[in-house]
Amino acid sequence: MREAIILAGGFGTRLQSVVSDVPKPMAPVAGRPFLTYLLDRLQKQGYTHVVLATGYLHEKVEEFFGHEYRGISIDYARELSPLGTGGAMVNALQYCHEDAVTVINGDTLFDIDHERLCRFAEEKATPLAIVLRQVPDAGRYGSVEIDANGCITTFKEKNAEAGSGLINGGIYRIQRSLLDGFTLGEKFSFEQELMQQRYRDERYYAYADGAYFLDIGIPEDYSRAQQELPSL
């Protein structure tokens, strides 16, 4: 079974001016929730079980999808209060069956080859594999540096003057053991309190992929999604 967790509990603060009545992953794109575009791609890549980590307006997600979408079985890991990205992952893992799971940000479409990601994680025997994307403005996201073997050597903070660089594309392949030590209901940031604190000691790996990438987190890119996603 190939399983994924989609982090779909965000408030979408920066999108409030254009989308205010649904959680950010449910923002309509050409008449369809953004989340359907993510699930369509997972279905094509052989995923059969997805856990949606929901929070804000979770009922909007559940009412739309129910427990099945195009042959993918769906479970919901609801947050009663915000848990951060890490806490949401721990909560969602309760509903997963495999030791290795893919995690995807619910506001980002990165059209990678998931077979390559799974194979890369297995070959590196790493508890965490990340897919990176070269962008002209890495300062909006913060950047990541890797060595010749793909081992992560540096995480750089957001910087308005950073220029082009490799960013975390919001797709991870994780081993369940990666989150050992964190408790159910604990609030923490996966990026800041796990990745950026442990990468020197635990050797996490990444590779760059030039696949289509779109983060709908700001109104300008949400507007771009209306034109680009239907034609993909």
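Everything below is about the structure printed above this text.
One structure accompanies this document, and this report is about it.

Cut-off values and rules
- Residues numbered from 1 in each chain as written.
- Predicted model: local features only at pLDDT ≥ 70, side-chain atom pairs only at ≥ 80, totals over all residues.
- Heavy atoms only, no water.
- Helix = DSSP H or I, 4+ residues; strand = E, 2+ residues; numbered from the N terminus.
- Rg over C-alpha atoms; globule rule 2.2 N^0.38 Å.
- Buried < 20%, exposed > 50% of the residue type's maximum accessible area, 1.4 Å probe, protein only.
- Contact = heavy atoms within 4.5 Å.
- Areas by Shrake-Rupley, 256 points an atom, 1.4 Å probe, with all protein chains shown as cover.
- Lys, Arg positive; Asp, Glu negative; His and termini not counted.
- Charge placed at Lys NZ, Arg CZ, Asp CG, Glu CD.
- Salt bridge = Lys/Arg side-chain N within 4 Å of Asp/Glu carboxyl O.
- Polar contact = N/O pair within 3.5 Å; in protein donor to acceptor, adjacent residues only side chain to side chain.

### Overview of the overall build of the protein
When you go through the protein residue by residue, the secondary structure sums to six helices and 14 strands. The C-alpha radius of gyration computed for the protein amounts to 17 Å, which stays within 12% of the reference 17 Å derived for 232 residues, consistent with globular compactness. For the protein, the spread of C-alpha atoms along the three principal axes comes to 45 × 40 × 35 Å. Scored against the burial criterion, the 232 residues of the protein give a buried share of 54%. In the protein, 74% of the contacts between residues at least 6 apart in sequence involve partners at least 24 apart. Carbon and sulfur atoms make up 46% of the accessible area of the protein, which totals about 10,500 Å². Charge centroids of the protein, computed over 23 positive and 33 negative side chains, lie 3 Å from each other.

### Quick notes on the side chain of Glu3
Mapped onto the secondary structure, Glu3 falls in strand β1 (residues 3–7). Buried charged residue Glu3 carries no salt bridge. Nearest counter-charge: Arg176, at 5.3 Å. Looking at Glu3, its side chain comes within polar contact range of the side chain of His49, at 2.7 Å.

### Description of the pattern of salt bridges
One pass over the full model with this rule turns up 10 salt bridges. Residue Lys156 is joined to Glu145 by a salt bridge in which the shortest nitrogen-to-oxygen separation is 3.0 Å. Of this pair, Lys156 sits in strand β11 (residues 152–156) while Glu145 sits in strand β10 (residues 143–146), and the two are 11 residues apart along the sequence. Where salt bridges share partners, they join Arg32, Asp40 and Arg70 into one cluster.

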